[in-house]
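Overview (structure and organization)
Single-letter residue listing:
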Amino acid sequence: SQQGEEDPQALSIQEGENATMNCSYKTSINNLQWYRQNSGRGLVHLILIRSNEREKHSGRLRVTLDTSKKSSSLLITASRAADTASYFCATTVRGGAQKLVFGQGTRLTINP
Amino acid sequence: DVKVTQSSRYLVKRTGEKVFLECVQDMDHENMFWYRQDPGLGLRLIYFSYDVKMKEKGDIPEGYSVSREKKERFSLILESASTNQTSMYLCASSFLWDKTNGYTFGSGTRLTVV
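These remarks concern the structure in this document.

1. Overview of the overall build of chain B
Per the secondary structure count, chain B includes 0 helices and 11 strands. In chain B, the succession of α and β elements from N to C terminus is β-β-β-β-β-β-β-β-β-β-β. Its C-alpha atoms give chain B a radius of gyration of 13 Å, near enough to 13 Å, the size a compact globule of 114 residues would have. Seen through its principal axes, chain B has C-alpha atoms that stretch 40 × 25 × 25 Å. A burial count over chain B gives 50% of its 114 residues as buried. Of the contacts made within chain B by residues no fewer than 6 positions apart, 55% connect residues no fewer than 24 positions apart. Counting only carbon and sulfur atoms, one obtains 51% of the accessible surface of chain B, whose full area is about 5,500 Å². Taken together, the 16 basic and 15 acidic charged side chains of chain B have centroids lying 6 Å from each other.

Here is the structure:
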């Protein structure tokens, strides 16, 4: 079952621009996480935001969480060609087992 | 460097074969997971384990089984491989939810069943 849905499904921008990806989910969560996947590889954890947090930063990444709207956004500032990848949001459900449920992902392409 | 290691990057097996996918982590994580990833379907959880000898079904356990005899090792078994099990298989591990800071994934095993 898919908990998170990312929007847009694909995003293409110029190097140096900011990239924003959104994620919506359906049920109450413990935390929400963002992952990056380069083509044909495993996923790399980027950032985790807990349900009682509203915003978190890590380097060029900024994540927001709005539990009233059941949504999150990932902002990548000053994008680089190396940021080209698929980005997934994933949630752990409050009161449930400790499994991560992933969305379908956003395919981000940074054009030089 | 902490990591999750999957035994094979690419694997080709015949229909009906019994297939073992191995995953080892060196982070003393309690949780371990097996996902499969298919185009258009995203990542789907097959099985997970939160302790040695413990296992729980995920969303798509049919045709699979798992084994966790040691904390660091979690094996996925395809009892009789079929062509619809051709996929990318991803192993992951994490601490229990109250200590977790995200999952660590292996590099994946691309399995082709012919």
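2. Here we look at the pairing of strand β3 (residues 19-24) of chain A
On any regular strand, side chains alternate: one points to one face of the sheet, the next to the other face. Residue and element names in this part refer to chain A. Every second residue of β3 is oriented toward a common face, the buried set being Ala 19, Met 21 and Cys 23 and the non-buried set Thr 20, Asn 22 and Ser 24. In this sheet, β3 lies alongside strand β1 (residues 5-7) in antiparallel orientation, the contact comprising 3 bridges. Looking at the pairing, Asp 7 lines up with Asn 22 of β3.

3. Looking at the state of the cysteines
Under the defined criterion, the tally for this structure stands at 2 disulfides over all chains. Here A:Cys23 pairs with A:Cys89 through a disulfide, and the sulfurs are 2.0 Å apart. Of note, the bridge from A:Cys23 to A:Cys89 carries an S-S torsion of about 65° and is right-handed in sense. Taken as a pair, A:Cys23 in strand β3 and A:Cys89 in strand β9 (residues 85-93) lie far apart in primary sequence, 66 residues in all. Assessed through its relative accessible area of 2%, A:Cys23 is described here as buried. Covalent S-S linkage joins B:Cys23 and B:Cys91, the inter-sulfur distance amounting to 1.9 Å.

4. Topic: the layout of surface pockets
By volume, the largest pocket amounts to about 360 Å³. Along the wall of the largest pocket there are 19 residues; nearest its centre are A:Gln37, A:Phe88, B:Gln37, B:Asp38 and B:Pro39. Of all the secondary structure elements, the ones that give two or more residues to the lining of the largest pocket are β9 and β11 (106-111) of chain A together with β4 (31-38) and β9 (87-94) of chain B. Its residues assigned to classes, the lining of the largest pocket comprises 3 nonpolar, 12 polar and 4 charged.

5. So, the side chain of A:Ser72
In this structure, A:Ser72 sits in strand β8 (residues 71-76). When near neighbours in sequence (up to four residues on either side) are disregarded, A:Ser72 contacts A:Met21, A:Asn22, A:Cys23, A:Leu32, A:Trp34, A:Val63, A:Thr64 and A:Leu65.

6. What about the sheet that holds strand β3 (residues 19-25) of chain B?
All names here are of chain B. Taking strand neighbours across the sheet as the criterion, the 4 strands line up as β1-β3-β8-β7 in an open arrangement whose pairing is antiparallel. In this open sheet, the two strands that pair with only one neighbour each are β1 (4-6) and β7 (64-70). Across this sheet, the average inter-strand angle for adjacent strands is 20°, counted without regard to direction. Of the pairings in the sheet, the one linking β3 to strand β8 (residues 73-78) comprises 6 bridges and is antiparallel in character. If you follow Glu 22 over to β8, its bridge partner there is Ser 75.

Cut-offs and rules
Residues numbered from 1 in each chain as written. Chains lettered and ligands numbered in written order. Predicted model: local features only at pLDDT ≥ 70, side-chain atom pairs only at ≥ 80, totals over all residues. Heavy atoms only, no water. Helix = DSSP H or I, 4+ residues; strand = E, 2+ residues; numbered from the N terminus. Rg over C-alpha atoms; globule rule 2.2 N^0.38 Å. Buried < 20%, exposed > 50% of the residue type's maximum accessible area, 1.4 Å probe, protein only. Contact = heavy atoms within 4.5 Å. Areas by Shrake-Rupley, 256 points an atom, 1.4 Å probe, with all protein chains shown as cover. Lys, Arg positive; Asp, Glu negative; His and termini not counted. Charge placed at Lys NZ, Arg CZ, Asp CG, Glu CD. Pairing = 2+ DSSP bridges. Disulfide = S-S within 2.5 Å. 1 Å grid on protein atoms, 1.4 Å probe; cavity = no way out; pocket = protein on both sides within 12 Å on 5 of 7 lines; lining within 4 Å. Points joined across faces, edges and corners; volume = space filled by probe spheres on them. Nonpolar A, V, L, I, M, F, W, Y, C, P; charged D, E, K, R; others polar. Axes fitted to C-alpha atoms, helices over the stretch in contact; angles between N-to-C directions.

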